[in-house]
Amino acid sequence: MGNMTGNYEGVDSWETIMLLYNSALKEIGTKLEILNNEFQHVHQYNPIEHIKSRVKTPESIVKKLKRRGYESTIENMVKYVNDIAGIRVICSFTSDIYRVAEILANQSDINVLSIKDYIKHPKESGYKSYHMIVTVPIFLSDGVVDTKVEIQIRTVAMDFWASLEHKIKYKYEGYAPEHIKRELFECAEMVSDLDAKMMSLNEEIRGVAAEHGADDREREKQKREAERTLLKERFYGEAE
Ligand code: 0O2
């Protein structure tokens, strides 16, 4: 069996393909969970708030292919629909988004196919999120298949905005009234302000916590030194 992003002979049945995409979601989900646990262990904080994953519905896949002028075949779907397996990673702060993205991209079995940074370059609507299309190897009984996953990384606030915007877009079938679009855009700006303020507040708090940590360490050191001096006095009758 070949590489699904190039030669996907043998990966031709709907069931096999769905098995691959579901497995890819599990692999990426586990990687993210391990990362979050390690961060908790080493730095006592979680960069990831929560993770949502889904496999695109057949209707949605067909719609996307049609929109782009492709026939609805398994070959076209594997080749042209990049978000059949999608995972959404919700972080507290913008800085966490870039941290998580970089760590994932540097893992040796992850191959980054493309990146769209809608945080640095928001969409016209105001949409902000960090998108990566990656492949992850899926080990089957008779071979390895590199399988595509779309990873969307965003803050809680960006996610809140995107959910509402998606709902509105869906309701108006893409043709929302101008005033709604305008207000949504204004909300997107508020989301950016909120994210920026929350991040700088968090940095300040962490600065204070680090200072407290340094004070605690200094006190601990002085206590240990006092104990050593006392022990020496007891043993030798005098301090050095
Ligand atoms: P749905 O209904 O969420 O599944 P590519 O994947 O590179 O071939 P595409 O699909 O245009 O091309 O990529 P892009 O721009 O990275 O968008 C992919 C997904 O991002 C979308 O999937 C949405 O989930 C999300 N997204 C992009 N733009 C917007 C936006 O303006 N508002 C909201 N709420 N979500 C957005 P789908 O399949 O288009 O939609």
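See the structure shown above.
A brief report on the enclosed structure follows. Nothing here was measured: the structure is a model prediction, and the numbers come from that model.

**Structural notes on the pairing of strand 5 (residues 143-155)**
Line of reasoning, step 1. Among the 13 residues that make up strand 5, 10 are buried, leaving the element largely enclosed by the rest of the structure.
Line of reasoning, step 2. Bridge analysis of strand 2 (residues 85-91) against strand 5 gives six bridges, and the strand direction is parallel. Bridging across to strand 5, Gly86 finds its partner in Glu150.
Line of reasoning, step 3. Bridging between strand 4 (residues 130-140) and strand 5 involves 11 bridges; their strand directions are antiparallel. In the sheet register, His131 faces strand 5, and the bridge partner there is Gln152.
Line of reasoning, step 4. Hairpin connection between strand 4 and strand 5: a loop of two residues separates the two successive antiparallel strands.

**Topic: the site of the ligand**
Line of reasoning, step 1. Residues in close proximity to the ligand total 19 residues, the closest being Lys56, Lys64, Tyr118, His131 and Glu165.
Line of reasoning, step 2. At 3.2 Å, a side-chain N or O of Asp83 approaches an oxygen atom of the ligand.
Line of reasoning, step 3. The contact in question runs from an oxygen atom of the ligand to an N or O atom on the side chain of Gln152, over 3.1 Å.
Line of reasoning, step 4. Relative to its unbound accessible surface of 740 Å², the ligand loses 79% to contact with the protein.
Line of reasoning, step 5. Residue assignment for the shell around the ligand shows that the elements contributing at least two residues are strand 5 and helix 5 (156-171).

**Quick look at helix 5**
Line of reasoning, step 1. With 16 residues, helix 5 should reach 22 Å at 1.5 Å per residue; the first-to-last C-alpha distance of 23 Å fits that figure.
Line of reasoning, step 2. Residues Ala157, Met158, Asp159, Trp161, Ala162, Glu165 and Ile168 constitute the buried set of helix 5.
Line of reasoning, step 3. Residue Glu173 follows helix 5 closely and has a positive phi angle near 50°.

**Overview of a negative patch on the surface**
Line of reasoning, step 1. On the surface, a cluster of negative charge is contributed by Glu183, Glu186, Glu189 and Asp193.
Line of reasoning, step 2. Structurally, the position occupied by Glu189 is in helix 6 (residues 178-236).
Line of reasoning, step 3. Using a relative accessible area of 44% as the deciding quantity, one classes Glu189 as partly exposed.

**Considerations on the pattern of salt bridges**
Line of reasoning, step 1. Summed over the entire model, instances satisfying the criterion amount to 10 salt bridges.
Line of reasoning, step 2. Here Asp117 ties to Lys120 by a salt bridge, and the two come within 3.7 Å at their closest N and O atoms.
Line of reasoning, step 3. Taking relative accessible area as the criterion, Asp117 reaches 15% and is therefore assigned buried.
Line of reasoning, step 4. For Glu178, the salt bridge goes to Lys181, with nearest N and O atoms at 3.5 Å. Pair noted here: Glu178 and Lys181 are both in helix 6, with a separation of three residues, about one helical turn.
Line of reasoning, step 5. Owing to a relative accessible area of 55%, Glu178 belongs among the exposed residues under this scheme.

**A word on the sheet that holds strand 5**
Line of reasoning, step 1. A sheet is described by the order of its strands in space; here five strands give the open sequence 1-2-5-4-3, paired in mixed fashion. Edge positions in the sheet fall to strand 1 (48-55) and strand 3 (111-117), since each has one partner strand and no second. The sheet shows a mean angle of 25° between the axes of neighbouring strands, direction not considered.
Line of reasoning, step 2. Sitting on the sheet, helix 1 (residues 14-43) is in contact with strand 1, strand 2, strand 4 and strand 5, with an inclination near 110° to strand 4.

**Concerning the packing of aromatic side chains**
Line of reasoning, step 1. For the structure shown, the criterion picks out four aromatic pairs.
Line of reasoning, step 2. Residues Tyr70 and Tyr80 carry aromatic rings whose centres are separated by 3.8 Å and whose planes lie at 5° to one another, so their mutual orientation is stacked. A residue pair is termed long-range when its members are at least 10 positions apart, and Tyr70 in the loop between helix 2 (58-67) and helix 3 (74-80) and Tyr80 in helix 3 qualify at 10 residues.
Line of reasoning, step 3. For Tyr80, a relative accessible area of 29% puts it in the partly exposed group.
Line of reasoning, step 4. Centroid distance Tyr98 to Tyr130: 5.4 Å. Interplanar angle 75°. Geometry classified as edge-to-face. Of the two residues, Tyr98 is situated in helix 4 (residues 94-105) and Tyr130 in strand 4; the sequence distance between them amounts to 32 residues.
Line of reasoning, step 5. Given the relative accessible area of 25%, Tyr98 is considered partly exposed.

Thresholds, definitions, all that
- Residues numbered from 1 in each chain as written.
- Predicted model: local features only at pLDDT ≥ 70, side-chain atom pairs only at ≥ 80, totals over all residues.
- Heavy atoms only, no water.
- Buried < 20%, exposed > 50% of the residue type's maximum accessible area, 1.4 Å probe, protein only.
- Helix = DSSP H or I, 4+ residues; strand = E, 2+ residues; numbered from the N terminus.
- Pairing = 2+ DSSP bridges.
- Near = heavy atom within 4 Å.
- Polar contact = N/O pair within 3.5 Å; in protein donor to acceptor, adjacent residues only side chain to side chain.
- Areas by Shrake-Rupley, 256 points an atom, 1.4 Å probe, with all protein chains shown as cover.
- Expected span 1.5 Å × (residues − 1).
- Patch = residues over 30% accessible without salt bridge, like charges linked within 9 Å, V, L, I, M, F, W, Y side chains within 5 Å.
- Salt bridge = Lys/Arg side-chain N within 4 Å of Asp/Glu carboxyl O.
- Lys, Arg positive; Asp, Glu negative; His and termini not counted.
- Charge placed at Lys NZ, Arg CZ, Asp CG, Glu CD.
- Axes fitted to C-alpha atoms, helices over the stretch in contact; angles between N-to-C directions.
- Contact = heavy atoms within 4.5 Å.
- Phe/Tyr/Trp six-rings, centres within 6.5 Å; stacked < 30°, edge-to-face > 60°.

In short, shape yes, function no, at least from these values alone.
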